[in-house]
Amino acid sequence: MKLRWVALVALLLLIFFLPLLAVLLGAFSPRWVFPDLLPRELSFRGVLFLRSNSRAVIRALGSSLRYSLASVVTAFLLCLGPAEVLARYRFRGRLAVEALLLSPVLIPAITWALGLSVVLIRVGLADTFPGVVIVLTAASYPYMLRALIAGFQQLPRDYRACAVNLGASPLRQTLLVTIPMLMPAIVAGGTVVFLVAFSDYFLVFLVGGGAVQSFTGYLFPYLSAADYTIGSTLTLLFLLVPMTLFGLIELTVGRWHRRWGQTGG
Amino acid sequence: MSSGIHRQGLPRGLPGLAILLRLLPLLLFFLLTLGGGFLHALAASVVAGPQTWRLLLRSDLLSSILLTIRVGAVSALLAVAVGAVGAYLLWRAPRWVFVLGSMYRLPIVLPHIAVAYLVMLFWARTGLVSSLLFHLGVMAQPEQFPAVLFGSSGTGLILAYFYKGFPFVMLLCLGVLQRISPGEVTTAGMLGAGPVRTFLRVILPRLFPILGQTGIILFLFSLGGFDIPWLLGGSRPQMLPVTVYSLFFQGTRADQAVALTALVVLALFAVVFAVVAFSLLRVLTPWEERE
Amino acid sequence: MNRMGGYTVVAAAVVLLVLLPQTHLAAAGRSDRRVPEIDVAELSFEQIVTVARGTTARIYMWGGSEAVNSWIDQYVIPEVGRRYGVTLERVPMDAAVFVNRLRAEKEAGRETGSMDLLWINGENFRNARQEELLWGPFASRLPNVSLVDPALAEMDSGFPVEGYSVPWGRAQFNFDIDTARIAAPPASFQELPEWVRRHPGRFTYPEPRDFTGSAFIRQAFIALSGGVAQFLPGYDQQLLDRNAPVLWEYLNEIAPYLWQQGESYPRDLAALDALFQRGEVDVTMSFTQTNAATRTAQGRYPPTVRSFVMQDGSISNTHALAIPWNGPNKAAALVVANFLISPEAQLSKNDPANWGDFTVLALSRLPEQIRQQFTALDMGAATVPLEELERHAVPEIPSEYWEELERRWEAEVRRR
């Protein structure tokens, strides 16, 4: 009985931990050739590379972080109103509108992004930060919309009543009641939007044209040339960012949750 | 008085105009970005005329489309199957296994290019798997290892999309499973159903809608993915996004029109597929699981 | 109110995270990309240097070599910052792609683009010139141009330069092998098929869409069709039609013995390098004469790797810098271009420890001291001796041939 679970854990380690270990080894070896199962030499070229290129690395990371978070905020602002309407009101064409608005999840991004990149060049938004945020938001907002719709559906029907009773303005209602109660949904949707934006290479390259830096864009040449040492080092660094961010979210939101008591989700 | 205020706060029917106003920003955004981008491609392919559409039937483009669909379908099906079983196992596992098991989320955080890199590290002809087989005495030379990467089979691409996809399926399935009361499984067990039977009869119907939905999403996503095919794909046939990229950025004006036309076809295919697949899914979903 | 505390913390954290990198960036590149509307053409170089101070410029260039990227990042960017107060940003992009973008910008009438300086030559230069995507002529405005070997500055692969670009490096095609594995590499394109047959699966070349892959088939084309001289006068379609079938036959004949039986070709030079490094193929190629020397020094290649050239010809060409028609900061572009062809930068670039790219300067025009530094550079044990490189060098043929060969390869070899 117990053996079965040990086997499962072993399998999980094989699938998820071993690759990470290989990347770690790769980061500290100058080359890794067939048929060596372990690299033969030790090299600190990766670490030295990070040190001597720290400015460029930080700039690329910072830029990725910035446009990803901006995409989360943009998606949230765009989706809050529509999500409430779609979740809580019945009107003709509701299903069609919802399907239409969620469709970016189903339509491969390249089909509209290539055309959009040309449009953005025309209007002068290519190679700019807003341009990148626009294309990333367009590709990822449905996750936010879906999460918010689910969040609104789980709210009690008269969740606003108390605030209305107290005479709060719609803005205050939204800020003080709706958003806090939706927090689990916002975090869930925001996480996915962030991940889509942060790990994207192609869309940022297409619209940012390299003028808007990205960590994936910085990493890509090294992975593409299979420069194991530097590619592995940068991949490890890459993993740290979202993990730290999620750790932070878990901490802040977790604590905040306990204080508020469970709501909705 | 209080009831008056109360009624005011209730989300009863909202006037159409108010609904429209709230939907408008997102609708406009959608139309300007996706709509604009798609219309540009459509306009370019219409201007280029019917001979461009005929070019799509050129054998290399056709085989590139077929490969893309095969890679997407196989990887999505694998991801759904393995993801469902994986989620079920984790859900039934003791707490310590479950906690350790949360490392399954790793590929969700990894960008596609890094997943492609991992696949390269392990599955190249001279990669770690091949090296291991060498030490086990199964093969003597890297040439004996099958062309997982860069080959015409697209196996490396399937592996990459699968590795990126199935944790996603697990995540969503666990979300559903955690709403099932353990009592149901216990009941099934008392009625004499083994774990496999319980999975098939009790769990799978519950997971069916989410599995269907994620399967469709994963499939359609991989049709348009560029990062993984660029790093792992072969040259004959090429994955469609790579072909489109080369035609668009390195080709002549006529090539660009072909590229955009291919995109129009791909988008239309995605829409038709999604409509059909979701309708089928609805029909096939057990009655009690429908929303 | 107390309840609001938690939310405020989260909101503040989000806002901070969004804003922080922005302030960091603003501090790093405290500069306006738009340079005041001054007609640079009217200014002296000293005035241009003054205008460029405190501004930002972007250089768009091929990003496939770590050595090249590092040289730009660790030497050029700090130096132009220190000397001229110019913040230089390196943007990795293939030349065909940025030419395409420039074309789209031109069609859209976008007067202020985002590229300041381009690394461009060959077919991309010709296309960009013919479609008037470049700004110029500017070469004569750079003081350091007087040190450049004039023979290199006139033509770019058969197309007149007319001052629309300035050469900044001299490259020659060569191959790398590991002598620990391969004793005798093929000595010529004539011998290559036999060698490939004896080493099945151990040789391949990048798709010709890639710059180096294109050079490989071009070189084979020249060697197989009886020498380079006939192609130099200018593009001649009939000459191409007459000679190309031999090339396709040659390439298709070796295809079954190539890596993956010729079913697949490495996407670009970086992909071929990766195969070579892992030991999946025995030969890689490069347009940097000291590629093997640099990589053995880094530990990426074992110390037994050596470079070699084919006796029936090794293409030697120059790469150049140009400024796009809508470059937003032409003053800084000129300053950076002038720095890149300065003796100090050329010497640093020529050092195999950095990049190993050969200089375009005429040594006879340099002061004695720096000339000695150039001749004292150690090219590394792996590099082909300079005399041998020069003996086998063949000039570049008109770039119309490149484009035609690349296009026809798709139909004649890939899709066959």
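Cut-offs used in this document
- Residues numbered from 1 in each chain as written.
- Chains lettered and ligands numbered in written order.
- Predicted model: local features only at pLDDT ≥ 70, side-chain atom pairs only at ≥ 80, totals over all residues.
- Helix = DSSP H or I, 4+ residues; strand = E, 2+ residues; numbered from the N terminus.
- Buried ≥ 20, exposed ≤ 12 C-beta atoms within 10 Å, placed from the backbone.
- Pairing = 2+ DSSP bridges.
- Axes fitted to C-alpha atoms, helices over the stretch in contact; angles between N-to-C directions.
- Contact = placed C-beta atoms within 7 Å.
- pLDDT = per-residue confidence, 0-100.
- Core = buried A, V, L, I, M, F, W, Y, C linked by C-beta atoms within 7 Å.
- Domains from an automatic or database assignment.
- Nonpolar A, V, L, I, M, F, W, Y, C, P; charged D, E, K, R; others polar.
- Parallel < 35°, antiparallel > 145°, perpendicular 65-115°, else oblique.
- Left-handed = near helix turned anticlockwise from the far one by under 90°.

Participant: Pulling in residues and values, what's your account of the overall build of chain A?
Facilitator: Assigned secondary structure in chain A consists of 11 helices and zero strands. Starting at the N terminus and walking to the C terminus, you meet the elements of chain A as α-α-α-α-α-α-α-α-α-α-α. With the principal axes as the frame, chain A shows a C-alpha extent of 70 × 60 × 35 Å. For chain A, the residues scored as buried account for 49% of the 265 residues in total.

Participant: Outline the sheet that holds strand β8 (residues 174-178) of chain C, supporting the account with residue identities and numerical values.
Facilitator: All names here are of chain C. Spatially, the three strands line up as an open sheet ordered β9-β8-β10, and their pairing is antiparallel. Only two strands of the sheet have a single neighbouring strand rather than two, namely β9 (283-286) and β10 (305-308). When the angles between neighbouring strand axes are averaged without regard to direction, this sheet yields 30°. Here β8 runs beside β9; their pairing, made up of four bridges, is antiparallel. Within β9, the residue paired with asparagine 174 across the bridge is serine 286. Of the strands in this sheet, β8, β9 and β10 touch helix α11 (residues 291-298), which is tilted by about 170° from β10.

Participant: Let's hear about the confidence of the model for chain A: which residues, and what values?
Facilitator: Residues and elements named next belong to chain A. Of the residues in chain A, 95% have a pLDDT of 70 or more, and the chain-wide mean is 86. When mean pLDDT is compared element by element in chain A, helix α6 (residues 129-154) scores highest at 94, while helix α7 (residues 161-165) scores lowest at 74. Scored below 50 in pLDDT, residues 261-265 shows 11 contacts in the model against residues more than four places distant or in partner chains.

Participant: Summarise the interface of chain C and chain B; cite the residues concerned and give the values.
Facilitator: Across the boundary between the two partners, chain C contributes 15 residues, which contact 16 residues of chain B. For the side of chain C that touches chain B, the element with the most residues is helix α4 (residues 95-107) of chain C, which contributes three residues.

Participant: Outline the nonpolar core, listing residues and values.
Facilitator: A general feature of soluble globular proteins is that nonpolar side chains tend to end up buried together. Judged by nonpolar contacts, the single largest core of 284 residues is most densely connected at Cys79 and Leu148 of chain A, Val119, Met120 and Leu263 of chain B together with Val336 of chain C. Here this core takes 15 residues from α6 of chain A, the largest share from any one element. Counting the residues that make up this core, at least three belong to each of domain 1 (40-169 + 318-376) and domain 2 (172-317 + 384-414) of chain C. Sequence-distant contacts of valine 119 of chain B, that is, excluding residues within four places in its chain, are made with Gly156, Leu159, Ala160, Tyr163 and Leu232 of chain B.

Participant: How would you summarise the interface of chain A and chain B if you had to cite specific residues and measurements?
Facilitator: Counting residues at the interface gives 63 residues for chain A and 68 residues for chain B. Residue composition of the side of chain A that touches chain B, by class: 49 nonpolar, 10 polar and four charged.

Participant: Tell me what's going on with the environment of valine 177 of chain A, and back it up with residues and numbers.
Facilitator: Residue and element names in this part refer to chain A. Position of valine 177 among the secondary structure elements: in helix α8 (residues 170-199). Through-space distance from the C-alpha of valine 177 to that of leucine 251 is 22 Å; in sequence the pair is 74 residues apart. When residues no more than four places from it in sequence are discounted, the contact partners of valine 177 are Tyr159, Arg160 and Ala163.

Participant: So what's going on with the packing of helix α3 (residues 54-88) of chain A against α8 of chain A? Which residues, and what values?
Facilitator: Residue and element names in this part refer to chain A. Relative to each other, α3 and α8 sit at 140°, their axes nearing to 9 Å. What the angle tells us is that α3 and α8 run oblique. The hand of the α3/α8 crossing is right-handed. Contact residues: α3 offers Ser64, Tyr67, Ser68, Ser71, Val72, Ala75 and Phe76, while α8 offers Ile186, Gly190, Val193, Phe194, Ala197 and Phe198. Of the residues assigned to the contact of α3 with α8, the class counts are nine nonpolar, four polar and no charged.

Participant: An account of unusual backbone geometry is requested, with residue identities and associated values reported.
Facilitator: Across the junction of phenylalanine 34 of chain A and proline 35 of chain A, the peptide omega takes the value -5°, indicating a cis bond. Here proline 35 of chain A shows up in the loop between α1 (2-27) and α2 (45-52). Of note, the bond from glycine 136 of chain C into proline 137 of chain C is cis; its omega dihedral lies within 30 degrees of zero at -5°. Backbone geometry places glutamine 260 of chain C, a non-glycine residue, at a positive phi of 55°. Tracing the backbone shows glutamine 260 of chain C in the loop between α9 (237-254) and α10 (269-278). Residue glutamine 260 of chain C is classed as buried on the basis of its 24 C-beta neighbours within 10 Å. One non-glycine residue with positive phi stands out, namely glutamine 261 of chain C, at about 50°. When you line up the elements, glutamine 261 of chain C lands in the loop between α9 and α10.

Participant: Can you lay out the environment of leucine 231 of chain B for me, pointing to particular residues and giving the numbers?
Facilitator: Inspection of the secondary structure assignment puts leucine 231 of chain B in helix α12 (residues 227-232). Residue classification places leucine 231 of chain B among the buried residues on the basis of 29 C-beta atoms within 10 Å. Between the C-alpha atom of leucine 231 of chain B and that of alanine 254 of chain B, which follows or precedes it by 23 residues, the distance is 26 Å. Non-local contacts of leucine 231 of chain B, meaning those with residues more than four positions away in its chain, are made with Leu223 and Ser224 of chain A together with Ile113, Ala116 and Met120 of chain B.

Participant: For the packing of helix α13 (residues 343-350) of chain C against helix α14 (residues 368-376) of chain C, give the residues involved together with the corresponding values.
Facilitator: Residue and element names in this part refer to chain C. In the contact formed by α13 and α14, the axes pass within 10 Å of each other and the chain directions differ by 10°. Regarding the angle of α13 to α14, the classification is roughly parallel. Residues Pro343, Leu347 and Asn350 of α13 form the contact with α14, whose participating residues are Ile370, Gln373 and Phe374.

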